[in-house]
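Given next are the chains, with one letter for each unit.
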Amino acid sequence: LFNRILGRRKAITGPPPGVTRDPDAVRAQIGDRDVRLVDTGGYTTDSDPLARAISERALRELGDADVVLFVADAAGITALDEVFLEQLRPFAAKLVLVVNKLDTAARDDQVWDFYRLGIESVVGVSAAHGRGMDELEEVVLSRLPSELAVGGLESEVSGSERTVANEVDAPDHGVLTEPEGSASEVLNIAVLGQPNTGKSTLVNLLTGSDASLVSDVPGTTRDVIEGEFESAGQTVRILDTAGIRRKNKVSENIEYYSVTRAIDTIMDADVVILMVDAEKGLSDQDKKIAALVVERGRGLVLGLNKWDLLPDIPNQFEAVRDRILFLFPVISFAPMVKLSAHFGRGVDDLLAEARKVHRQLNHRVDTGKLNRHLAKWVERTPPPVRGRGRLKIRYITQVQRLPVTFIAFVNRTKGFPDSYVGYLKNQIRADFGLSSIPFRLELRER
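Every value quoted in this text rests on a predicted model; they were computed, and no experiment measured them.

Caption draft 1: View of the packing of helix α5 (residues 199-207) against helix α9 (residues 347-361). At a minimum axis separation of 12 Å, α5 and α9 run at an interaxial angle of 85 degrees. Our classification of the angle between α5 and α9 gives roughly perpendicular. Where α5 abuts α9, its residues Leu202, Leu205 and Leu206 lie against Val347, Leu350 and Leu351. Looking at the contact of α5 with α9 residue by residue, the class counts come to six nonpolar, no polar and no charged.

Structural data, given as structure tokens:
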């Protein structure tokens, strides 16, 4: 139902109960109203600590909601439905009972049994097929406060957002248009890493909430959980993702989709914070994640988490950093920060590095200035002579950000040595302050 209202597949769904765990909040539109739509984990009376935490999170969302959609299966009222309904009685004025899985007209009569629960608004739908959604939309709109402003999402502020809580069981190189030195108003950060590296702990600390469940159970986070906070006067949108294990260890469809969504967030981010267990060091899986970030041209900051568990040895950080760079020199540009998300140590440094990387990603190098520097680089170290004569670089320009891309127009690309391309990239890094980001330098013949 959450996905149907949103108009896209965001929440992961599947036949097993309890797929959804963390409350998943997004901005959406119902009719002409902009709302904050929240998908919550299924309510249960199970004594399992994780199941109990999921249920408690679901109930906590109700107080902030203007409309509560209580979703039940059309197959019939269960004992758990009745127990849950008792929890919802204090919210009766904003409660809508949504009888789901009326997939065909032949099932429509199943809705009548639910009227005996005494809920004023009862709507039958099929979330899978879209049946009854117009009626549900009308009911929700009638329940939303009349003072809710109509307009684009950009005009909303977090304090005035209205909430609908939904309880369910289930490279093209164009021309760079940014002015020199510009940066987007919002810094988008995705937090990636292996299971149990402290991703959710970090996100909860930064957002000042407990939106992401923290548990010793590997794979607790499944959906991508979004949060927002202010840092140094800048709005930061942060995405908490599922832990990424090696493909041969992923046996369930749900985990497969969780990992896929986590990897997809790289493209939604400006900067990726890769959480690495400082005790274990950089793993092969960490290398694969980092390589994907570099390939997609996003900023990368390594958070060496659980630093508090390491022995206090002089030059410990330098030793760990040097070992990581020895094992994976491809990320030599990426800042590394030692931190303890649990105790909040090093988090300010982590954010400072993320902001620095963001500024570099948005830095526009003027073409004229770039070519004046190019003349000095070529004079200092001319291109080699190959075959029919000396290779020539006619001019160079920056054409794109995310990924930051430069194009050098040369007399011929065939036989142009990679070593000289590397030399040019090093000069760009040194002269234009791009020391902490990945970027591309492509050759074109002219």
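The structure having been displayed, the exposition proceeds.
Caption draft 2: Expanded view of the pairing of strand β17 (residues 440-445). Sheet topology note: the strand β16 (residues 405-410)/β17 ladder contains six bridges and is parallel. Bridge pairing in β17 places threonine 405 opposite arginine 440.

Caption draft 3: A look at the sheet that holds strand β11 (residues 299-305). Taken in spatial order, the six strands make up an open sheet running β8-β9-β7-β10-β11-β12, and their pairing is mixed. Two strands close off the open sheet at either side, each with one partner strand: β8 (225-231) and β12 (336-338). Along the sheet, successive strands turn relative to each other by an average axial angle of 25 degrees, direction set aside. Docked against the sheet, α9 engages β7 (186-193), β8, β9 (234-240), β10 (271-277), β11 and β12, running at close to 170 degrees with respect to β11.

Caption draft 4: Focus on the nonpolar core. Residues Ile189, Leu202 and Phe406 are the most contacted members of the largest nonpolar core, which totals 45 residues. Once you skip the residues sitting within four places of it in the chain, leucine 202 turns out to touch Val191, Ile273, Met275, Leu339, Ala341, Val347 and Leu350. If you look at the next biggest cluster of nonpolar residues, it comprises 26 residues, including Leu192, Ala269, Leu274 and Ala290.

Caption draft 5: Representation of the environment of glycine 118 in the model. Structurally, glycine 118 can be placed in the loop between β4 (95-100) and β5 (121-124). For the pair glycine 118 and leucine 97, spaced 21 residues apart in the sequence, the C-alpha separation amounts to 9.9 Å.

Caption draft 6: Region of interest: a negative patch on the surface. A contiguous patch of negative charge on the surface is contributed by Asp134, Glu135, Glu137 and Glu138. Here glutamate 138 shows up in helix α4 (residues 133-143).

Caption draft 7: Representation of unusual backbone geometry. Each neighbour pair has its own omega, and for leucine 402 with proline 403 the value is 5 degrees, a cis peptide bond. By the element assignment, proline 403 lies in the loop between β15 (393-400) and β16. For lysine 101, which is not glycine, the phi dihedral falls at a positive 75 degrees. If you trace the backbone, lysine 101 turns up in the loop between β4 and β5.

Caption draft 8: Inspection of the packing of aromatic side chains at higher detail. Tallying each qualifying case throughout the model produces seven aromatic pairs. Ring plane angle 65 degrees and centroid distance 6.0 Å describe the contact between tryptophan 307 and phenylalanine 317, whose orientation is recorded as edge-to-face. Here tryptophan 307, found in the loop between β11 and α8 (316-327), pairs with phenylalanine 317, found in helix α8; they are 10 residues apart in sequence, far enough to count as distant. Between the aromatic rings of phenylalanine 406 and phenylalanine 439, the centroid separation amounts to 5.6 Å while the plane-to-plane angle is 75 degrees, which identifies the pairing as edge-to-face. Here phenylalanine 439 lies in the loop between α11 (418-432) and β17 and phenylalanine 406 lies in strand β16, a separation of 33 residues in the sequence. Side by side, phenylalanine 406 and phenylalanine 439 carry an identical accessibility label, which is buried. A network of ring pairs unites the aromatic residues Phe416, Tyr420 and Tyr423 as a single cluster. Geometry around phenylalanine 343 places arginine 345 over its ring, the cationic atom sitting 4.7 Å from the centre. One cation-aromatic arrangement involves arginine 446 over phenylalanine 409; the distance from NZ or CZ to the ring centre is 4.4 Å.

Caption draft 9: Highlighting helix α3 (residues 79-88). Within the span of α3, buried status applies to Asp81, Phe84, Leu85 and Leu88. Considered in projection along α3, the buried side chains sweep an arc of 105 degrees and stay on one side of the axis. Facing away from the buried side of α3, by more than 90 degrees, are the exposed residues Ala79 and Glu86.

Caption draft 10: Structural view of a positive patch on the surface. Judged by side-chain charge, Lys369, Arg372, Lys376 and Arg380 come together as a positively charged surface patch. Relative to the elements of secondary structure, arginine 372 occurs in helix α10 (residues 367-380). The exposure class assigned to arginine 372 is exposed, which follows from its relative accessible area of 54%.

Conventions adopted
Residues numbered from 1 in each chain as written. Predicted model: local features only at pLDDT ≥ 70, side-chain atom pairs only at ≥ 80, totals over all residues. Heavy atoms only, no water. Axes fitted to C-alpha atoms, helices over the stretch in contact; angles between N-to-C directions. Helix = DSSP H or I, 4+ residues; strand = E, 2+ residues; numbered from the N terminus. Parallel < 35°, antiparallel > 145°, perpendicular 65-115°, else oblique. Contact = heavy atoms within 4.5 Å. Nonpolar A, V, L, I, M, F, W, Y, C, P; charged D, E, K, R; others polar. Pairing = 2+ DSSP bridges. Core = buried A, V, L, I, M, F, W, Y, C linked by side-chain atoms within 4.5 Å. Buried < 20%, exposed > 50% of the residue type's maximum accessible area, 1.4 Å probe, protein only. Patch = residues over 30% accessible without salt bridge, like charges linked within 9 Å, V, L, I, M, F, W, Y side chains within 5 Å. Areas by Shrake-Rupley, 256 points an atom, 1.4 Å probe, with all protein chains shown as cover. Salt bridge = Lys/Arg side-chain N within 4 Å of Asp/Glu carboxyl O. Lys, Arg positive; Asp, Glu negative; His and termini not counted. Charge placed at Lys NZ, Arg CZ, Asp CG, Glu CD. Phe/Tyr/Trp six-rings, centres within 6.5 Å; stacked < 30°, edge-to-face > 60°. Lys NZ or Arg CZ within 6 Å of the ring centre and 35° of its normal. Arc of directions from axis to C-beta.

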